[in-house]
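Chain by chain, the residues:
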Amino acid sequence: MGVSLIMGHEFKLVMLVALMVSSTYVYGVGNFNNDFESTFGGERVKISGPGNSDLALTLDKYSGSGFRSKRDYLYGRLDMQMKFVDDNSAGTVTTLYLTSDQSTGRHDEIDFEFLGNVSGQPYTIHTNVFSQGQGSREQQFHLWFDPSKAFHTYSIVWNPKLIMFLVDETPLRVYRNYENHGIISFPKNQPQKIHASLWNADDWATQGGLVKTDWSKAPFTAYYRNFNIDTSPNGQWRNHDLNANSRRRLRWVQKNYMVYNYCTDWKRFSQSFPPECKHAKFN
Ligand SMILES: *[C@@H]1O[C@H](CO)[C@@H](O)[C@H](O)[C@H]1NC(C)=O
């Protein structure tokens, strides 16, 4: 082994440099035990890995499972590496979302939901934003890769100007704060907790509930790891917005991978579209 050639101090120095480099550049080293607690599913929530950086959720016939942050957040950036249920995942839904206290009836919520599919067919990424209890702002996408084969990074940036959904730094969706235009529909004063779950939704998830969960493949597992939550006041997330390059990526996704957009659903909003829709083209 090459390592045995480097002895004593030299070896320690190499290790020290390696450690410094990794603690500077390795992104997302969050500890699931410190920052999260399980919400349901008992033993089906499993934390592992060095520094408790890995978490697996399972779903079987009897229950799904989930977890949430101990803290509340008002603005910030969340990054989570995730890998979804593979093979026949039809009927399963994996989530990563933020929500304020739902018992108020006027809650805010920012949703990423990943709807499984039969083997070989694409996952659907479902996004939504609730403000003051009002949702119905769905956009759905397919992906340019199979999200059950490898970990990818799913991010939510939430600052006073916008909410941005990203996959591996490519923006899928930008939901802007249009209060300057008199549109009051932006989550801005209710702190939210981060939630994640894996559950069975075969009554609606896959092709409108036509395809049922194949329980012979259970238990189903979804993986989360290396999360990063940036709420630092000087963090880059505070001014995060589109630039020329990411705007081009956003257009590419919306042109090629968007499968549903509430702002173009004429049947549903035949009377009038939600007010933010007419501004959304200025993304
Ligand atoms: C499943 O695959 C079908 C066929 O490719 C596709 O139309 C659908 O959007 C996919 N996703 C879900 C959740 O059904």
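Residues numbered from 1 in each chain as written. Predicted model: local features only at pLDDT ≥ 70, side-chain atom pairs only at ≥ 80, totals over all residues. Heavy atoms only, no water.

The protein appears in an unreviewed UniProt entry as Xyloglucan endotransglucosylase/hydrolase from Spinacia oleracea. You can read under Sequence similarities (unreviewed entry) in the UniProt record for the protein the words "Belongs to the glycosyl hydrolase 16 family." The record held by UniProt for the protein lists under Function (unreviewed entry) the comment "Catalyzes xyloglucan endohydrolysis (XEH) and/or endotransglycosylation (XET). Cleaves and religates xyloglucan polymers, an essential constituent of the primary cell wall, and thereby participates in cell wall construction of growing tissues." (UniProt positions renumbered as here; feature names shortened; annotations may be inferred.)

Draft legend 1. Up close: the site of the ligand. Around the ligand, a shell composed of Leu 115, Gly 116, Asn 117, Gln 121, Pro 122, Thr 124, His 142, Ala 205, Thr 206 and Gln 207 is seen. Within the side chain of Asn 117, one N or O atom sits 2.4 Å away from an oxygen atom of the ligand. Burial of the ligand by the protein amounts to 71% of the accessible area it has alone, namely 360 Å². Class assignment of the residues belonging to the shell around the ligand gives a composition of 3 nonpolar, 7 polar and no charged. (Near = heavy atom within 4 Å. Polar contact = N/O pair within 3.5 Å; in protein donor to acceptor, adjacent residues only side chain to side chain. Areas by Shrake-Rupley, 256 points an atom, 1.4 Å probe, with all protein chains shown as cover. Nonpolar A, V, L, I, M, F, W, Y, C, P; charged D, E, K, R; others polar.)

Draft legend 2. Just the pattern of salt bridges, in detail. The tally for this structure, following the rule as stated, stands at 12 salt bridges. The closest approach of N and O atoms between Lys 193 and Asp 72, which form a salt bridge, is 3.3 Å. A residue pair is termed long-range when its members are at least 10 positions apart, and Lys 193 in strand E13 (residues 193-200) and Asp 72 in the loop between strand E4 (65-69) and strand E5 (76-83) qualify at 121 residues. Between Asp 241 and Lys 161 there is a salt bridge whose closest N-O contact spans 3.8 Å. Taken as a pair, Asp 241 in the loop between strand E14 (220-230) and helix H3 (244-256) and Lys 161 in the loop between strand E10 (152-158) and strand E11 (162-167) lie far apart in primary sequence, 80 residues in all. Shared partners join several salt bridges into a network, and the residues in it are Arg 77, Asp 79 and Glu 169. (Salt bridge = Lys/Arg side-chain N within 4 Å of Asp/Glu carboxyl O. Helix = DSSP H or I, 4+ residues; strand = E, 2+ residues; numbered from the N terminus.)

Draft legend 3. Expanded view of the side chain of Gln 81. Counting through the fold element by element, Gln 81 comes out in strand E5. Side chain to side chain, Gln 81 and Arg 225 meet in a polar contact 2.6 Å long. A polar side-chain atom of Gln 81 sits 3.4 Å from a polar atom in the side chain of Asn 226. Among residues more than four places away in sequence, those in contact with Gln 81 are Phe 151, His 152, Thr 153, Tyr 223, Tyr 224, Arg 225 and Asn 226. (Contact = heavy atoms within 4.5 Å.)

Draft legend 4. Summary view of the pairing of strand E3 (residues 54-59). Of all the 6 residues making up E3, 5 are buried; the element is thus mostly covered by neighbouring parts of the structure. Relative to E3, strand E2 (residues 45-48) is paired through 4 bridges, and the arrangement is antiparallel. Of the residues in E3, the one forming a bridge with Ser 48 is Asp 54. Between E2 and the antiparallel strand that follows it, E3, lie 5 residues; Gly 49 among them carries a positive phi value of about 85°. (Buried < 20%, exposed > 50% of the residue type's maximum accessible area, 1.4 Å probe, protein only. Pairing = 2+ DSSP bridges.)

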